[in-house]
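# A look at the structure
One-letter residues, chain by chain:
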Amino acid sequence: MHRFLLTPRWWGINVFVALAVPFCLFMGSWQLGRFEARVDSHREATAERPADQVAAPLDSLLPVDTETSGRLASVSGEYAEQMLVPGRRLDGATGFYVLTLLRTDSGKAVPVVRGWLPGAADPAKAPAAPTGRVEVTGALQAPENSGTKGVHAQGGLPAGQVGVIAAATLVNIVPHPLYNAWLTVQTPADGMFPVPAQAPTNTGLDLKAFQNLGYTGEWFVFVAFVLFMWFRLYRREVETLRDAEAGLLDPTAPADTTAPAELAGPADATAPAGQDPQDQSSTGIAPVR
């Protein structure tokens, strides 16, 4: 009864199922892995840092990742150019960051957010940076991009302002080579408010993370659908063969194309003496002559 599984048609069906099921399982597992990776990144990025954490040299914490983001970094040098970062919110209020470049002993400069002030960005409100050699300790932050919350990536800002804190943005403004990171001072002076460290982008449980979880469910549903359709075709084929064996249907019988007797005249009916049977009408009644 199961010899039909060896027919060319069923060979094609079986090969398709044999390829589709592992492919869907692989894609579902891959999407699930991406979701779990985002969960782990979110957990690492939002983990509480020890209160007695000792600051580490800046170079030892680079490049910035989910483990080093938010860590206290120390670096020494001299403050150079100062600029403002407008449109930044803190505790529900809108204000601006006071950002100053620190030229380090390595020759590179690192952006340092010395604090936050409320209101519109105004250079007159921003206190001047300390002069001479200083040692700065701040929370290490990953460079911002156009997808970072609160950034102004459209351009068109006045001179002395920057919308995105990143080396790719500052490299066209300042003459120094730059670290691809920045620091935020946790104990600012001159009446400024500290800017808390934030998790790097693409590490939160955002819409993309739950899209990965939804895609995982879809691929596993595809597996169940493929198996269901194969079983349905198989069961229908078996039922058809059983009905044929039971005599309920004969799939090899030709179609009956003969017309019913009452609709066709009896070709061999006995005609009256001397009358040609061909003279009868289609209704079986002899024409009157």
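Up top is the structure these notes are about.
## Points about the overall build of the chain
- Helices and strands together make up the secondary structure of the chain, namely three helices and six strands.
- Along the chain, from the amino end to the carboxyl end, the secondary structure elements read α-β-β-β-β-β-α-β-α.
- For the chain, the proportion of its 289 residues judged to be buried stands at 33%.
- Look at the contacts in the chain between residues 6 or more apart in sequence, and 64% of them connect residues 24 or more apart.

## Section: the pairing of strand β3 (residues 93-104)
- Buried residues dominate β3, accounting for nine of its 12 residues.
- Relative to β3, strand β2 (residues 72-90) runs antiparallel, the two sharing 11 bridges. Bridge pairing links Gly77 to Thr104 in β3.
- Taking the residues that link successive antiparallel strands as the turn, the β2-β3 hairpin has two residues, and the phi of Asp91 there is positive, at about 55°.
- Where β3 folds back on strand β4 (residues 109-118), the antiparallel hairpin that results is connected by four residues, among which Gly107 adopts a positive phi of roughly 95°.

## Re the pattern of salt bridges
- In this structure the tally under the stated criterion is four salt bridges.
- Where Glu144 meets Arg88, a salt bridge forms, and the shortest distance between an N and an O atom there is 2.9 Å. In this pair, Glu144 sits in the loop between β5 (133-141) and α2 (167-170) while Arg88 sits in strand β2, placing the two residues 56 residues apart along the sequence. Arg88 carries the same exposure label as Glu144, and that label is buried.
- Its salt-bridge partner being Arg114, residue Asp190 comes within 3.8 Å of it at the nearest N-O pair.

## Re the packing of aromatic side chains
- Under the counting rule described, the total for this entry stands at six aromatic pairs.
- Judged by centre distance (6.1 Å) and plane angle (90°), the rings of Trp10 and Trp230 are edge-to-face. You can see Trp10 sitting in helix α1 (residues 8-45) and its partner Trp230 sitting in helix α3 (residues 207-245), a full 220 residues away along the chain.
- Members of the aromatic cluster, joined through ring pairs, are Trp10, Trp230 and Tyr234.

## Examining the environment of Leu61
- Relative to the elements of secondary structure, Leu61 occurs in the loop between β1 (56-57) and β2.
- On the accessibility criterion, Leu61 (6% relative accessible area) is buried.
- Sequence separation between Leu61 and Leu140 is 79 residues; the distance between their C-alpha atoms is 8.2 Å.

## Focus: a nonpolar patch on the surface
- On the surface, a cluster of nonpolar side chains totalling about 450 Å² of accessible area is made up of Leu6, Trp11, Val15 and Leu19.
- Checked against the element boundaries, Val15 lands in helix α1.
- Residue Val15 is classed as partly exposed on the basis of its relative accessible area, which comes to 40%.

What counts, and at which threshold
Residue numbers run consecutively from 1 along every chain, following the written order of its sequence. The predicted origin of the model limits local features to residues at a pLDDT of at least 70 and limits the giving and counting of side-chain atom pairs to 80 or more, whereas totals for whole chains, interfaces and linings rest on all residues. Neither water nor hydrogens contribute to the side-chain values; these are computed over all heavy atoms in the structure. Runs of E in the DSSP output that reach at least two residues are strands. Runs of H or I that reach at least four are helices, and both are numbered from the N terminus. Working definition: with a 1.4 Å probe on protein chains only, accessible area under 20% of the residue-type maximum means buried, over 50% means exposed, and in between means partly exposed. Contact criterion: two residues are considered in contact whenever any of their non-hydrogen atoms come within 4.5 Å of each other. Note: two strands are recorded as paired if DSSP finds a minimum of 2 bridges between them. Whenever a carboxyl oxygen of Asp or Glu lies within 4 Å of a side-chain nitrogen of Lys or Arg, that contact is scored as a salt bridge. Between 30 and 60 degrees the pair is tilted, below 30 it is stacked and above 60 it is edge-to-face, where a pair is any two Phe, Tyr or Trp rings, Trp via its six-membered ring, whose centres lie within 6.5 Å. A patch is a set of surface residues, each over 30% in relative accessible area and not in a salt bridge, joined within 9 Å for like charges and within 5 Å for the nonpolar side chains Val, Leu, Ile, Met, Phe, Trp and Tyr. Calculation of accessible area relied on Shrake-Rupley with a 1.4 Å probe; when residues are assessed, cover is drawn exclusively from the protein chains displayed.

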